[in-house]
Amino acid sequence: MIKKKPKYGLLIDYEYCTGCHTCELACAQEYKHQPGVRGIKVFEVEQKLPNGSAYLTYFPFPTEVCILCPHLTKKGLEPACVKHCMAACMKYGRIEDLAVEIKKPRMVLWSGKQ
Ligand code: SF4
Ligand code: SF4
(Lines give C-alpha, C1' and ligand atoms only; values in the text may rest on other atoms or scores of the structure.)
(Ligands and ions follow the chains in the order given, each with its own letter.)
Protein backbone atom coordinates (compact mmCIF):
# COMPACT_ATOMS: atom_id res chain seq x y z
CA MET A 1 0.00 0.00 0.00
CA ILE A 2 1.33 3.45 -0.90
CA LYS A 3 1.46 5.71 2.14
CA LYS A 4 0.14 9.19 1.40
CA LYS A 5 2.53 12.04 2.19
CA PRO A 6 0.95 14.20 4.92
CA LYS A 7 -0.20 17.65 3.84
CA TYR A 8 0.59 20.63 5.98
CA GLY A 9 -0.99 24.02 6.22
CA LEU A 10 -2.04 26.93 8.36
CA LEU A 11 -5.17 27.20 10.47
CA ILE A 12 -6.10 30.88 10.50
CA ASP A 13 -8.40 32.20 13.21
CA TYR A 14 -8.96 35.74 11.99
CA GLU A 15 -11.48 36.73 14.66
CA TYR A 16 -8.73 38.37 16.73
CA CYS A 17 -6.52 39.57 13.86
CA THR A 18 -5.71 43.22 14.55
CA GLY A 19 -4.43 43.98 11.07
CA CYS A 20 -0.97 44.78 12.45
CA HIS A 21 0.79 43.29 9.35
CA THR A 22 3.53 41.75 11.51
CA CYS A 23 3.03 38.40 9.77
CA GLU A 24 3.72 40.05 6.40
CA LEU A 25 6.85 41.68 7.75
CA ALA A 26 8.09 38.50 9.46
CA CYS A 27 7.79 36.57 6.19
CA ALA A 28 9.43 39.33 4.16
CA GLN A 29 12.36 39.49 6.58
CA GLU A 30 12.74 35.72 6.74
CA TYR A 31 12.98 35.43 2.96
CA LYS A 32 14.38 38.88 2.15
CA HIS A 33 11.55 39.43 -0.30
CA GLN A 34 11.69 42.31 -2.75
CA PRO A 35 9.26 45.18 -2.00
CA GLY A 36 5.74 44.19 -2.99
CA VAL A 37 6.36 40.44 -2.75
CA ARG A 38 4.47 38.84 0.11
CA GLY A 39 4.19 35.30 1.41
CA ILE A 40 1.11 36.36 3.33
CA LYS A 41 -1.13 39.35 2.75
CA VAL A 42 -3.50 40.96 5.21
CA PHE A 43 -6.76 42.09 3.63
CA GLU A 44 -9.02 44.68 5.20
CA VAL A 45 -12.75 44.29 4.65
CA GLU A 46 -15.07 47.11 5.64
CA GLN A 47 -18.69 46.25 6.28
CA LYS A 48 -21.28 48.97 6.63
CA LEU A 49 -23.77 48.18 9.36
CA PRO A 50 -27.49 49.11 9.18
CA ASN A 51 -26.97 51.77 11.89
CA GLY A 52 -24.51 53.60 9.63
CA SER A 53 -21.36 52.57 11.45
CA ALA A 54 -18.63 50.50 9.85
CA TYR A 55 -17.07 47.27 10.96
CA LEU A 56 -13.54 46.30 9.93
CA THR A 57 -12.43 42.73 9.50
CA TYR A 58 -8.81 41.79 8.88
CA PHE A 59 -8.06 38.63 7.04
CA PRO A 60 -4.48 37.28 6.72
CA PHE A 61 -4.17 35.10 3.65
CA PRO A 62 -1.08 33.16 2.44
CA THR A 63 -0.14 33.74 -1.20
CA GLU A 64 1.39 31.57 -3.91
CA VAL A 65 4.80 32.65 -2.59
CA CYS A 66 4.26 30.90 0.75
CA ILE A 67 6.28 27.70 1.06
CA LEU A 68 5.39 27.10 4.73
CA CYS A 69 8.91 27.71 6.03
CA PRO A 70 10.30 24.15 5.71
CA HIS A 71 13.75 25.26 6.96
CA LEU A 72 12.09 26.13 10.29
CA THR A 73 9.37 23.48 10.58
CA LYS A 74 11.82 20.65 9.86
CA LYS A 75 13.65 21.74 13.01
CA GLY A 76 10.40 21.74 14.98
CA LEU A 77 10.11 25.54 14.88
CA GLU A 78 7.06 27.56 13.87
CA PRO A 79 6.86 29.38 10.53
CA ALA A 80 8.01 32.99 10.85
CA CYS A 81 4.53 34.48 10.44
CA VAL A 82 3.03 32.14 13.04
CA LYS A 83 5.81 32.83 15.54
CA HIS A 84 5.55 36.61 15.31
CA CYS A 85 1.76 37.00 15.38
CA MET A 86 1.11 38.46 18.82
CA ALA A 87 -2.61 37.69 18.56
CA ALA A 88 -1.83 33.99 17.96
CA CYS A 89 -4.12 33.93 14.94
CA MET A 90 -2.31 31.17 13.10
CA LYS A 91 -1.25 27.61 13.76
CA TYR A 92 0.91 25.37 11.59
CA GLY A 93 0.38 21.63 11.37
CA ARG A 94 -0.92 18.66 9.47
CA ILE A 95 -4.12 19.42 7.62
CA GLU A 96 -6.07 16.59 9.23
CA ASP A 97 -5.01 17.67 12.73
CA LEU A 98 -5.86 21.31 12.07
CA ALA A 99 -9.21 20.45 10.49
CA VAL A 100 -10.57 19.05 13.78
CA GLU A 101 -9.77 22.36 15.47
CA ILE A 102 -12.24 24.29 13.33
CA LYS A 103 -14.98 24.73 15.88
CA LYS A 104 -16.25 28.25 15.28
CA PRO A 105 -16.89 30.72 12.47
CA ARG A 106 -14.13 33.02 11.21
CA MET A 107 -11.55 30.27 10.92
CA VAL A 108 -10.06 29.06 7.64
CA LEU A 109 -7.70 26.23 6.81
CA TRP A 110 -5.06 26.92 4.19
CA SER A 111 -3.31 23.98 2.59
CA GLY A 112 0.28 24.52 1.43
CA LYS A 113 1.90 23.09 -1.68
CA GLN A 114 4.04 20.52 0.21
S1 SF4 B 1 -2.44 37.55 11.58
FE2 SF4 B 1 -1.42 38.28 13.43
S3 SF4 B 1 0.44 39.28 12.72
FE4 SF4 B 1 -0.92 39.07 10.93
S5 SF4 B 1 -2.04 41.01 10.86
FE6 SF4 B 1 -3.29 39.57 12.04
S7 SF4 B 1 -2.71 39.95 14.19
FE8 SF4 B 1 -1.12 40.87 12.91
S1 SF4 C 1 4.47 30.13 6.49
FE2 SF4 C 1 6.51 31.01 6.09
S3 SF4 C 1 6.51 31.33 3.88
FE4 SF4 C 1 4.39 31.10 4.47
S5 SF4 C 1 3.64 33.17 4.85
FE6 SF4 C 1 4.34 32.35 6.79
S7 SF4 C 1 6.44 33.06 6.98
FE8 SF4 C 1 5.88 33.26 4.81
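This report concerns the structure included in the present document. (Residues numbered from 1 in each chain as written. Chains lettered and ligands numbered in written order. Predicted model: local features only at pLDDT ≥ 70, side-chain atom pairs only at ≥ 80, totals over all residues.)

Quick notes on the site of ligand 1
Point 1. Ligand 1 sits among 14 residues. The nearest are C17, C20, T22, C23 and C85.
Point 2. At the level of elements, α1 (22-31) and β3 (54-62) are the ones that each hand at least two residues to the shell around ligand 1.
Point 3. Each residue belonging to the shell around ligand 1 can be placed in one class, and the counts come to ten nonpolar, four polar and no charged. (Near = placed C-beta within 6 Å. Helix = DSSP H or I, 4+ residues; strand = E, 2+ residues; numbered from the N terminus. Nonpolar A, V, L, I, M, F, W, Y, C, P; charged D, E, K, R; others polar.)

Structural notes on the pairing of strand β2 (residues 40-48)
Point 1. As paired strands, β2 and β3 are joined by nine bridges and run antiparallel to one another. By the bridge assignment, K41 is partnered in β3 with F61.
Point 2. Taking the residues that link successive antiparallel strands as the turn, the β2-β3 hairpin has five residues, and the phi of G52 there is positive, at about 95 degrees. (Pairing = 2+ DSSP bridges.)

Topic: the environment of V108
Point 1. Tracing the chain through its elements places V108 in strand β5 (residues 107-111).
Point 2. Classification of V108 by C-beta neighbours within 10 Å gives partly exposed; the count is 14.
Point 3. When the C-alpha atoms of V108 and T73 are compared, they prove to be 20 Å apart, with 35 residues separating the residues in sequence. (Buried ≥ 20, exposed ≤ 12 C-beta atoms within 10 Å, placed from the backbone.)

As for the environment of L11
Point 1. By secondary structure assignment, the location of L11 is in strand β1 (residues 8-13).
Point 2. Among the residues examined, L11 registers 21 C-beta atoms within 10 Å and is labelled buried.
Point 3. Sequence separation between L11 and K75 is 64 residues, and the spatial gap between their C-alpha atoms is 20 Å.
Point 4. Leave out the neighbours within four places in its chain, and L11 touches M90, K91, L98, E101, M107 and L109. (Contact = placed C-beta atoms within 7 Å.)

Observations regarding the nonpolar core
Point 1. I12, C23, C27, C81, C85, C89 and M90 are the most contacted members of the largest nonpolar core, which totals 21 residues.
Point 2. Counting only elements with at least two residues in this core, the list comes to β1, α1, α3 (80-84) and β4 (90-94).
Point 3. Ranked by residues supplied to this core, first place goes to α1 with four residues.
Point 4. Apart from the residues lying within four places of it in its own chain, the contact partners of C27 are R38, G39, I40, A80 and C81. (Core = buried A, V, L, I, M, F, W, Y, C linked by C-beta atoms within 7 Å.)

As for the site of ligand 2
Point 1. The environment of ligand 2 is made up of 13 residues, and the closest members are C27, G39, C66, P79 and C81.
Point 2. For the shell around ligand 2, the secondary-structure elements that each account for two or more residues are α1 and α3.
Point 3. For the shell around ligand 2, the leading source of residues is α1, giving three residues.
Point 4. In terms of residue class, the shell around ligand 2 is made up of eleven nonpolar, one polar and one charged.

Regarding unusual backbone geometry
Point 1. One non-glycine residue, L68, lies in the positive phi region at around 65 degrees.
Point 2. On the secondary structure map, L68 appears in the loop between β3 and α2 (70-73).
Point 3. For L68, a count of 20 C-beta atoms within 10 Å translates into the label buried.

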